[in-house]
Amino acid sequence: METEIGIGRKARRAFGLDEIALVPAPVAVDPDDVDIRLSIGNLTLQIPVLASAMDAAVDAKVAIEMSRLGGLAVLNLEGLHVRYEEPSSAIDRIVSASKEEAVCVLQEVYREPIKTDLIRERVREVKRTGARLGVAATPVKALELLPIALEEGADVAVIQSTVTTVRFFSSTKPALKWERIRRMIEVPLIVGNCVSYEAAWELMEVGADAVLVGVGPGAACTTRQVVGVGVPQATAIADVAAARDEFYKRTGKYVAVIADGGMRTGADICKAIACGADGVMMGSPIASAFEAPGRGYHWGMATPHPGLPRGTRIYVGQVAPLKVILLGPATKDDGTLNLVGALRNGMGMCGARTIKEMHRCQIVIAPIIGTEGKQLQREQGVGQGR
């Protein structure tokens, strides 16, 4: 339903994950019996969690551990880890910069050229352990960088930018040759980001095995403030999921929907999947792991942009080992630890035995869900009152 916002202009109401809640089903399922596996093309992950291609979140060490825990980490082929033999010095500069200097420092350290030999070295470092690895490049660099990583055995290719579309018009730059991309990439292909039915449908048509959903919800992203573009995540996921379902009906190919950004707690993941996501991609929660290269800091992929930064550096802390963040046991009551356990429990309460059954759970609009009845918690600064 659209609302008139002025003469001749209408707008549709959209909802964020914080504005909705899930209704428990009349029949519950044992969390131990819940199937949370995520399939992307011919690849199956035991947990539906991908670590974002962000330099503060993913390096070879994190990728190996993420694979061991059943998920998938994505390495940024345009990031610090393939620009510097020893990226720790660049990271030192980033984390020690003042708030006022942070963006300028990020722009400076990312001027170092990408080194193809380092791409090969990083992928080999992960693959020699038997771990799975995803690799990501922006559309403009995809044809140049992805083949190098795939030659070394990378398991998943990701083409990602703030907004990625099949159709692209420019007087100076060529559009990405999607047919060539699909012929070249034999491994599962993830493409994003998008937030609309039509854009997602067209990405599916050119061969995406999964699409990333989210423009601007990430903790370190400022796209919505800088250019005013984005759709609240609950609505964006639901719209793209509708495209996936119709595409499956027409073609028989099921394209995974991966919610990317805006999720910090187990509740957020449960809601994203209820809206239609098959899995989630997370940055700041991974960056808060003891193993993460950002040392308690996190920054968006578009933060170092030389002309129009669309991200910032944030402090996320060093909270717990990656295993505890994903699989527990939780030692905090704020929902930021044991994310997979929270998903299993949430699905069980909603009567969902599989991810696809979770897509059918009942959702209510409930903007007060986070504060209702929590006055004492707020007064005491505990639980949901922090």
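In this report, we go over the structure that sits alongside the text. Given the structure is predicted, the values throughout are model-derived calculations rather than measurements.

What counts as what
Residues numbered from 1 in each chain as written. Predicted model: local features only at pLDDT ≥ 70, side-chain atom pairs only at ≥ 80, totals over all residues. Heavy atoms only, no water. Helix = DSSP H or I, 4+ residues; strand = E, 2+ residues; numbered from the N terminus. Rg over C-alpha atoms; globule rule 2.2 N^0.38 Å. Contact = heavy atoms within 4.5 Å. 1 Å grid on protein atoms, 1.4 Å probe; cavity = no way out; pocket = protein on both sides within 12 Å on 5 of 7 lines; lining within 4 Å. Points joined across faces, edges and corners; volume = space filled by probe spheres on them. Nonpolar A, V, L, I, M, F, W, Y, C, P; charged D, E, K, R; others polar. Salt bridge = Lys/Arg side-chain N within 4 Å of Asp/Glu carboxyl O. Buried < 20%, exposed > 50% of the residue type's maximum accessible area, 1.4 Å probe, protein only. Disulfide = S-S within 2.5 Å. Pairing = 2+ DSSP bridges.

**So, the overall build of the chain**
Counting its regular elements, the chain contains 15 helices and 16 strands. For 386 residues, the compact-globule estimate of 2.2 N^0.38 gives 21 Å, and the C-alpha radius of gyration of the chain, at 20 Å, lies within 12% of that figure. Along the first, second and third principal axes, the C-alpha atoms of the chain reach 55 × 50 × 50 Å. Partitioning the contacts of the chain with sequence separation of at least 6, the portion at a separation of at least 24 is 66%.

**Description of the layout of surface pockets**
Here the second largest pocket is characterised by a volume of approximately 1,100 Å³. Considering the residues around the second largest pocket, the lining is formed by 35 residues, among which T265, A267, D268, K271 and I369 are closest to the centre. Breaking the lining of the second largest pocket down by element, the ones donating at least two residues are β3 (20–22), α10 (266–274) and α13 (339–349). Per-element tally for the lining of the second largest pocket: the top contributor is α10, with five residues. Each residue belonging to the lining of the second largest pocket can be placed in one class, and the counts come to 13 nonpolar, eleven polar and eleven charged.

**Some remarks on the environment of A53**
By the secondary structure assignment, A53 is in the loop between β6 (49–51) and α1 (60–68). Between the C-alpha atoms of A53 and M281, which are 228 residues apart in sequence, the distance is 9.2 Å. In contact with A53, not counting residues within four places along its chain, are V74, L75, N76, A136 and M301.

**With respect to the pattern of salt bridges**
As enumerated under the stated definition, the model contains 22 salt bridges in all. Close ionic contact of R122 with E121 constitutes a salt bridge, the shortest N to O distance being 3.7 Å. The class of R122 is buried, set by a relative accessible area of 10%. Owing to a relative accessible area of 31%, E121 belongs among the partly exposed residues under this scheme. In this structure, a network of salt bridges that share partners links the residues R120, R124, E151 and E152.

**Thoughts on the state of the cysteines**
Within the structure shown, the criterion is met by zero disulfides. We note that C275 lacks a disulfide partner, and the nearest cysteine sulfur, in C361, lies 8.2 Å from it. Take C275: its relative accessible area is 11%, and that puts it in the buried class. Left unpaired, C350 is separated from the closest cysteine sulfur, that of C361, by 4.3 Å. On the accessibility criterion, C350 (12% relative accessible area) is buried.

**What to know about the pairing of strand β7 (residues 72–76)**
Along β7, five of the five residues are buried, which leaves the element largely enclosed by surrounding structure. Alternating positions in β7 separate into two faces, L72, V74 and N76 on one and A73 and L75 on the other, with burial throughout. The pairing of β6 with β7 spans two bridges and is parallel. Among the inter-strand pairings, L50 is bridged to a residue of β7, identified as L72. As judged from the three bridges shared by β7 and strand β8 (residues 134–137), these two strands associate in the parallel manner. Bridge pairing in β8 places L75 opposite V135.

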